Amino acid sequence: MMAKCLGKFIYNLEPVKKHKTFFYHTLSNTIASLFIFKNECMSSFQIIVGSMLGGTEYVGEACEETLTELGHNVEIHLKPNLKMILESTFSENSDGKSSDNLLKNNIWLICTSTHGAGDYPDNIKQFVSDLDHCSQDLSTVNFLTIGIGDSSYDTYCKAAKSITKLLKTKGCNEIAAIKAFDMSLDIDPEDLACQWLLVNKDLL
Ligand SMILES: Cc1cc2nc3c(=O)[nH]c(=O)nc-3n(C[C@H](O)[C@H](O)[C@H](O)COP(=O)(O)O)c2cc1C
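Calculation criteria
- Residues numbered from 1 in each chain as written.
- Predicted model: local features only at pLDDT ≥ 70, side-chain atom pairs only at ≥ 80, totals over all residues.
- Near = placed C-beta within 6 Å.
- Helix = DSSP H or I, 4+ residues; strand = E, 2+ residues; numbered from the N terminus.
- Nonpolar A, V, L, I, M, F, W, Y, C, P; charged D, E, K, R; others polar.
- Pairing = 2+ DSSP bridges.
- Right-handed = clockwise from strand over helix to strand, strands pointing away.
- Expected span 1.5 Å × (residues − 1).
- Buried ≥ 20, exposed ≤ 12 C-beta atoms within 10 Å, placed from the backbone.
- Arc of directions from axis to C-beta.
- Contact = placed C-beta atoms within 7 Å.

Caption draft 1: Spatial organisation of the site of the ligand. The immediate surroundings of the ligand are formed by 22 residues, with Leu53, Gly55, Thr56, Ser113 and Gly149 found nearest. Contributing elements (two or more residues each) for the shell around the ligand: α3 (55-69) and β4 (141-149). When the residues that make up the shell around the ligand are grouped by side-chain class, the tally is nine nonpolar, 11 polar and two charged.

The following block contains the structure:
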């Protein structure tokens, strides 16, 4: 809509001379196409957060901000519920057609820490169990995983690695290799996670 208006506005600057009309027409079409291309490239993100002490929630929220700034549709799930996430992923348009029929690019971004001895944080355990038992076709779901952990544990980022494996067995497509952040180092995981998304923005 915005693209059409802008295109029309520029076209309405129609000069008297014919070649200039052609120039403005071409320019308006190019700008309109760029807007349409951008809209078509926008992805729909479900950010799924696993966190025990809250640190990974901040990482998820920072990613939400970055992805929104990149023009994507983003929903964040701090208490992930598979049913709700599937509903958002395979939501229907007003014409009743499933969005994935219209090539909506669905991406799940998993941000999870690891606790216990390689365990999932409590808030994501039910999601993982439901996913494990899920028989729905998830082959149109793309995903990325960010793991937050501490390399002094033998089970460094095990939860992030395990959920990555599980998603692959469910047919989901991993669009970039898992990114792990080691909290035993003096790092800012929020900043690094956003930088990583920006570096990979062409994959999203
Ligand atoms: C009791 C406890 C157990 C942990 N176990 C692991 C582990 O097995 N593997 C790992 O990589 N990190 C482990 N960690 C480190 C946490 O993943 C890390 O501190 C992380 O930043 C916590 O994120 P959160 O605030 O989102 O829960 C453990 C931390 C605690 C306190």
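Caption draft 2: Summary view of the pairing of strand β2 (residues 73-77). Inspection of the sheet shows strand β1 (residues 43-50) paired to β2 by five bridges, in the parallel sense. When the bridges of β2 are listed, serine 44 appears paired with asparagine 73. The handedness of the β1 to β2 crossover, carried by α3, is right-handed.

Caption draft 3: Representation of helix α6 (residues 158-169). Between its first and last C-alpha atoms α6 spans 17 Å; for 12 residues at 1.5 Å apiece the expected length is 16 Å, and the two agree. The set of residues buried in α6 consists of Ala159, Ala160, Ile163, Thr164 and Leu167. What you see down the axis of α6 is that its buried residues fit within an arc of 135 degrees, all on one side. Among the exposed residues of α6, those pointing more than 90 degrees away from its buried face are Lys168 and Thr169. Elements that come into contact with the buried residues of α6 comprise β1, β3 (105-113), α5 (122-133), β4, β5 (173-174) and β6 (179-182). Just beyond α6, the residue with positive phi is glycine 171, at close to 95 degrees.

Interpretation note: all reported values are geometric properties and have no functional meaning in isolation.
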